[in-house]
Amino acid sequence: MSGTTILKPDLGFVNEVIRSGGESLKKCYQCATCSVVCNVTPEDKPFPRKEMLQAQWGLKDQLMKNPDIWLCHQCSDCTAYCPRGAKPGEVLGAIRKMSIKEFSAPGFLAKMVGQPVFLLVLFAVPVLLLLAEGAGHVPAGKVAFGLPGGFLFSMKWIDPLFTAAALFALASLGLGVRKYWKAMAADLPADRAANINLGAAIKETVSEILAHKRFQKCETTKGRSTAHLLVFYSFIGLFITTCLAFVKMILDPGTGYLAYLHHPVQVSDSFLTGLFAVYKIIGNASAVALVAGILLMMSNRFKNAKKAGMGSYFDWLFLTIIAVLGITGLLAELLRISNMPAAYPVYVIHLCFVFFLFAYAPFSKMAHMFYRATAMVFARATGRG
Ligand code: SF4
Ligand code: SF4
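Analysis parameters
Residues numbered from 1 in each chain as written. Chains lettered and ligands numbered in written order. Predicted model: local features only at pLDDT ≥ 70, side-chain atom pairs only at ≥ 80, totals over all residues. Heavy atoms only, no water. Near = heavy atom within 4 Å. Helix = DSSP H or I, 4+ residues; strand = E, 2+ residues; numbered from the N terminus. Nonpolar A, V, L, I, M, F, W, Y, C, P; charged D, E, K, R; others polar. Axes fitted to C-alpha atoms, helices over the stretch in contact; angles between N-to-C directions. Parallel < 35°, antiparallel > 145°, perpendicular 65-115°, else oblique. Left-handed = near helix turned anticlockwise from the far one by under 90°. Contact = heavy atoms within 4.5 Å.

(A) Just the site of ligand 1, in detail. Residues in close proximity to ligand 1 total 14 residues, the closest being Cys28, Cys31, Ala32, Cys34 and Cys82. Elements represented by at least two residues in the shell around ligand 1 include exactly helix H2 (33-37) and helix H3 (49-56). Per-class residue counts for the shell around ligand 1 are ten nonpolar, two polar and two charged.

(B) Looking closely at the site of ligand 2. Surrounding ligand 2, one finds 13 residues, the nearest of these being Cys38, Cys72, Cys75, Ser76 and Cys78. Only helix H6 (77-81) and helix H7 (88-103) provide two or more residues apiece to the shell around ligand 2.

(C) Spatial organisation of the packing of helix H9 (residues 119-132) against helix H18 (residues 343-359). It is the contact of H9 with H18, at a shortest axis distance of 9 Å, that shows an interaxial angle of 120°. For the element pair H9 / H18, the angle class is oblique. Handedness of the crossing formed by H9 with H18: right-handed. Of H18, the residues touching H9 (which contributes Leu119, Leu122, Phe123, Val125, Pro126, Val127, Leu129 and Leu130) are Val348, Leu351, Cys352, Phe353, Phe355 and Phe356. For the contact of H9 with H18, a count of residues per class yields 14 nonpolar, no polar and no charged.

Below you can see the structure in the form of structure tokens.
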């Protein structure tokens, strides 16, 4: 019959949403209070009521290509006001987790990252790689990491190893985001698809993300914006630190690759010490901001647990990885400055968490920044921003 839509419910999907943190899904009776109280949703076809219905009916295909699941910023106003305790904010969180799993490749890694039973196996990978690199060996003498004879200097494969992990993550994320974009664009009417202004949409989205404008609209979890901003900018600071450290590592005639290659390029000492000071300051300030931001996020979760829910294993894995990464990074530096050999094992733990965060980024909650940014660009470019 013309004009008839045939729905294909996927009951396995409904059960997976429930298992992934959306156990309250079936309590929803479609009153739409959630869509009314949400300050982030567009007025046209607002979320999350319709997503609750789609999830209850097992309409996986519709949900997976829906930009709205990522336009939600998990501020939990809807959860706080839902008269049935259906926790739509948590249900959308579970659907986002499944969206990451749907689009990321290889799929088995997404499955493993999402289940606590595989946690030890995932950690065993960096532990074994680092031990094979000699991370169990503690050098004698003054505690040093990067200097000749220092801890990292003998680990010849550490840079290629982490570079390969980062490239793998970037490739996987790129493929996942491309698949998500294609899925969203598949149903776009031809006239709207032809009028997409990607440049303007990207520019507006970047400015919105830098200012965290949407987070500031949240009411129930007000502190989220500050905590998220701290973590967001600390990641940018740590990225800048890594780039500067890499430049110094190449240029330093005493310890860098130029020395290794006996390259004749001369680099002034003042430039290198200046660079050293700059990246140390940015790195330490970013690490402190990272730890402060993530602890604030954790404390907000506890504070708002009654109104907003505690979050799922997926959320807590991400928070815990970042917290331990930040704390061990700062602790390793303090122990090294104090010349205490405990700096070595603490640093190895730090490296394991760094590996975990980046190598598994396409499958963990870390991927949210890429999928959400993609959905925001898509929404703006297609007039739903
Ligand atoms: S999730 Fe709650 S507020 Fe939203 S439509 Fe369902 S019952 Fe109403
Ligand atoms: S969690 Fe916040 S942003 Fe997401 S649907 Fe609910 S009220 Fe809207």
